[in-house]
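# A structural walkthrough
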Amino acid sequence: MSRNNLFLISIVVIAIFLRFWRLGSVPISPDWDEVSWGYNTYSILNTGHDEYGKFLPVLLQSYNDFKPALYAYLSIIPIAILGLSLTALRFANAFFSVMAVITTYFLVKELLKRKDLALLSSFLLAISPWAIQFSRFAHEATVGVSFNLLTILFLLKGLKKPYFLFLSALFSALALYTYQSEKIFAPLLMILLVIIYKKELFRINKKYLLSFFAVGLLVALPMLFSIVKNPQSLNRAKSTSFVSDTKFFPHTAKRLMVDRQNNDYVGLVMDNRRVVYARQIIGAYLSHYDLNWLFVTGDLPRHHAPGMGLLYLWELPFLLFGIFAFIFNEKFDKKSKLLVISWFLIAPIPASISNDVPQAGRTLNFLPTMQIFIAVGVIAFYSYLRQKVRWQTARNGIIIVLTILGVFNFAYYLNQYFVQQNYFYSKDWQYGYENAIEYVNWVKGDYEKVVVSDETPLDQSYMFFLFYLKYSPAKYQMSPHNINNHNFDKFEFRKIDWEKDQNLENTLFVGRPTDFNASSRLLKTFEYLNGEDAIKIVKPL
């Protein structure tokens, strides 16, 4: 076995370990999106229908956000084999994250014609905090990243062997079925590829070229048809857009009124709605290149380890140096450079209309461009040392110090993710449901009704009960539920108003600590791992 293959196998083993070790317990609990994926997959597996009775849906209605449904279908086999568990639910995501590491090696080797850069890029992706974070819970963006990598790889292969173009078109179209952001990013990526490699593509026999476009269009048609047929399929885009911010328009209108009163012509231009839109989008776009966000703070707690950003601190100088070296290195093919740089620049576009930016999930397609730049930076820096630092002891000393810093940063990350995360972020992961539901299931026979709060942080509590109880999908589909009513069996999911509810007889209540007062009999309290009360189970006095 060649040394190169041995290195690649070692990298894959590392990637597998970091993504599958304790997969069902770190993170400690599923969030509401994960239980939705799990139960809808379980429902399709057992009945062929989702929770709302839709047969083999292209889009999952879920919480009325109409998720592209491919992740559910990819999770059917793991759940069929392992049962409805966190490990089974997260398996597909971890698997495709490992596939992304492998594909990155072959893609970088194809693009830059250097095995050392290919190995280092795939290694950096294997240990990337950003990649690992999104590979270990059921977040469909990782599958989209993997499909995009395969799209690029097979298109480049197809320039030499045209039959690979079919696979490129297939994965590009399938990416539309993975994640909301891919509805924007995947077409942009394909347009970019066609523009950059148009000369090579149009030299190919027309039957291959026509088949390439036909395959992509045919595979994408069900998604396009679903979007056109159901306007609600864009609910998620509308709800996360800055345009949905109720304070946005009144604030802009007020500023325009003040500008008119003051005859402020510059203000009238700058506060014009179209200009404000443009400024908002540009600001949101640029926020994703904020080094503080990338290397220090991250965004939502579920998107990064405590005390960490999305990338290692040691990578910062190599990222900056690598971008410079990549752009000005004349040995790299110009079209390859244009592709990687353009890819790096279009990655934040889908998130740029969002109101909660920067956002790591919607910009996961930055990967692995940053790892490529960092790899170029590391190798370019090493070459610089060899040329400029003649004294070998000094050169080795610099390398040893940098290696120690990198190893320390990696060890710190492992501790923060695998040890500290569950303690500090258990609330963000909606911990407490599993034990609470186990208790409720044990005592519910003593009550006529169980009322469960659905107020923050117990949002979408019905889905956690369906998931942990493994409630029969056939029974649930037959119950008279809709987007505003998810009651089933003896469970009722709504806001708890204790002033009124304390008069209900033979009723068990599951809610937040703030939902109850002294006129309740506490039966059980479940805590977050940091000791803070999470869920209380009570009954009236």
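Here we summarise the structure given alongside this text. (Residues numbered from 1 in each chain as written. Predicted model: local features only at pLDDT ≥ 70, side-chain atom pairs only at ≥ 80, totals over all residues. Heavy atoms only, no water.)

Before going further, it helps to spend a moment on the sheet that holds strand β3 (residues 449–453). The mixed open sheet is built from five strands, whose spatial order is β4-β3-β5-β7-β6. A single partner strand is all that each edge strand has here, and the edge strands are β4 (491–494) and β6 (520–527). Sheet twist, expressed as the mean angle between neighbouring strand axes with direction ignored, is 20°. With seven bridges connecting them, β6 and strand β7 (residues 533–540) associate as antiparallel partners. Counterpart to L522 in the pairing with β7 is V538. Strand contacts of helix α23 (residues 461–469): β3 and β4, with the helix running at about 150° to β4, the strand carrying the most contacts. (Pairing = 2+ DSSP bridges. Helix = DSSP H or I, 4+ residues; strand = E, 2+ residues; numbered from the N terminus. Axes fitted to C-alpha atoms, helices over the stretch in contact; angles between N-to-C directions. Contact = heavy atoms within 4.5 Å.)

Tallied over the full model, the rule gives 17 salt bridges. Among the ionic pairs, K157 bridges to E110, the shortest N-O distance being 3.4 Å. Within this pair, whereas K157 is found in helix α8 (residues 141–158), its partner E110 is found in helix α5 (residues 86–112), the two being separated by 47 residues in sequence. The class for K157 is partly exposed, based on a relative accessible area of 33%. Across the pair E110 and K160 runs a salt bridge whose closest N-O atoms are separated by 3.0 Å. Taken together, the residues span a long stretch of sequence, with E110 in helix α5 and K160 in the loop between α8 and α9 (164–175) at a distance of 50 residues. On the basis of relative accessibility, which here comes to 13%, the residue E110 falls in the buried class. One salt-bridge network, held together by shared partners, links E110, K113, K157 and K160. (Salt bridge = Lys/Arg side-chain N within 4 Å of Asp/Glu carboxyl O. Buried < 20%, exposed > 50% of the residue type's maximum accessible area, 1.4 Å probe, protein only.)

Across its 27 residues, α5 extends 39 Å between first and last C-alpha, which sits within 8% of the 39 Å expected from 1.5 Å per residue. In terms of burial, α5 is a largely internal element, 20 of the 27 residues being buried. The first or second residue beyond α5 is K113, which carries a positive phi of 60°. (Expected span 1.5 Å × (residues − 1).)

Right, let's talk about the packing of aromatic side chains for a bit. Counted under the stated rule, the structure contains 51 aromatic pairs. Consider the rings of W130 and W293, whose centres lie 5.8 Å apart with planes at 80°: the pair is edge-to-face. Linking W130 in helix α7 (residues 129–135) with W293 in helix α17 (residues 291–297), this pair joins segments that are 163 residues apart in sequence. Note on accessibility: W130 and W293 belong to one class, buried. Look at F344 and F366: their rings are 5.5 Å apart centre to centre, the planes differ by 55°, and that puts the pair in the tilted class. Here F366 lies in the loop between α19 (334–346) and α20 (369–388) and F344 lies in helix α19, a separation of 22 residues in the sequence. What makes F344 buried here is its relative accessible area of 11%. (Phe/Tyr/Trp six-rings, centres within 6.5 Å; stacked < 30°, edge-to-face > 60°.)

On to the environment of S43. Tracing the backbone through its elements, the reader meets S43 in helix α2 (residues 32–47). Owing to a relative accessible area of 0%, S43 belongs among the buried residues under this scheme. Sequence separation of S43 and P473 is 430 residues, and the distance between their C-alpha atoms is 5.1 Å. The residues contacting S43, other than those within four sequence positions of it, are G48, H49, D50, E51, P473 and Q477.

Attention shifts here to helix α1 (residues 3–20). Its 18 residues place the ends of α1 26 Å apart at the C-alpha level, agreeing with the 26 Å of an ideal helix rising 1.5 Å per residue. Among all positions of α1, only N4, L8, I11, V12, A15, L18 and R19 are buried. When α1 is viewed along its axis, its buried side chains cluster within an angular range of 130° and face the same direction. Exposed and facing more than 90 degrees away from the buried side of α1 are R3 and V13. For α1, the elements touching its buried residues are α5, α6 (115–126), α7 and α21 (392–425). Just beyond α1, the residue with positive phi is R22, at close to 55°. (Arc of directions from axis to C-beta.)

A separate point is the environment of T151. Residue position: T151 is located in helix α8. The sequence separation of T151 and D65 amounts to 86 residues, and the corresponding C-alpha distance is 27 Å. Those residues in contact with T151 that sit more than four places away from it in its chain are S168, F171, S172, M190 and L193. In terms of polar contacts, T151 uses its side chain to reach the backbone amide nitrogen of S172, at 3.0 Å. (Polar contact = N/O pair within 3.5 Å; in protein donor to acceptor, adjacent residues only side chain to side chain.)

Moving on to a nonpolar patch on the surface. A surface patch of nonpolar side chains, amounting to about 500 Å² of accessible area, comprises I77, I81, L82, F91 and F95. Going through the elements one at a time, α4 (76–82) and α5 are the ones with two or more residues in the nonpolar patch. Per-element tally for the nonpolar patch: the top contributor is α4, with three residues. Structurally, F91 is set in helix α5. Residue classification places F91 among the partly exposed positions, given a relative accessible area of 32%. (Patch = residues over 30% accessible without salt bridge, like charges linked within 9 Å, V, L, I, M, F, W, Y side chains within 5 Å. Areas by Shrake-Rupley, 256 points an atom, 1.4 Å probe, with all protein chains shown as cover.)

Here we come to the packing of α1 against α5. Axis separation between α1 and α5 bottoms out at 10 Å; the angle between their running directions is 155°. Viewed along their axes, α1 and α5 adopt a mutual orientation that is roughly antiparallel. Crossing angle aside, the handedness with which α1 passes α5 is right-handed. In this structure, α1 contributes N4, L8, I11, V12, A15, I16, R19 and F20 to the contact, and α5 contributes F91, A94, F95, S97, V98, V101, I102, Y105 and F106. When its residues are assigned to classes, the contact of α1 with α5 shows 14 nonpolar, two polar and one charged. (Parallel < 35°, antiparallel > 145°, perpendicular 65-115°, else oblique. Left-handed = near helix turned anticlockwise from the far one by under 90°. Nonpolar A, V, L, I, M, F, W, Y, C, P; charged D, E, K, R; others polar.)

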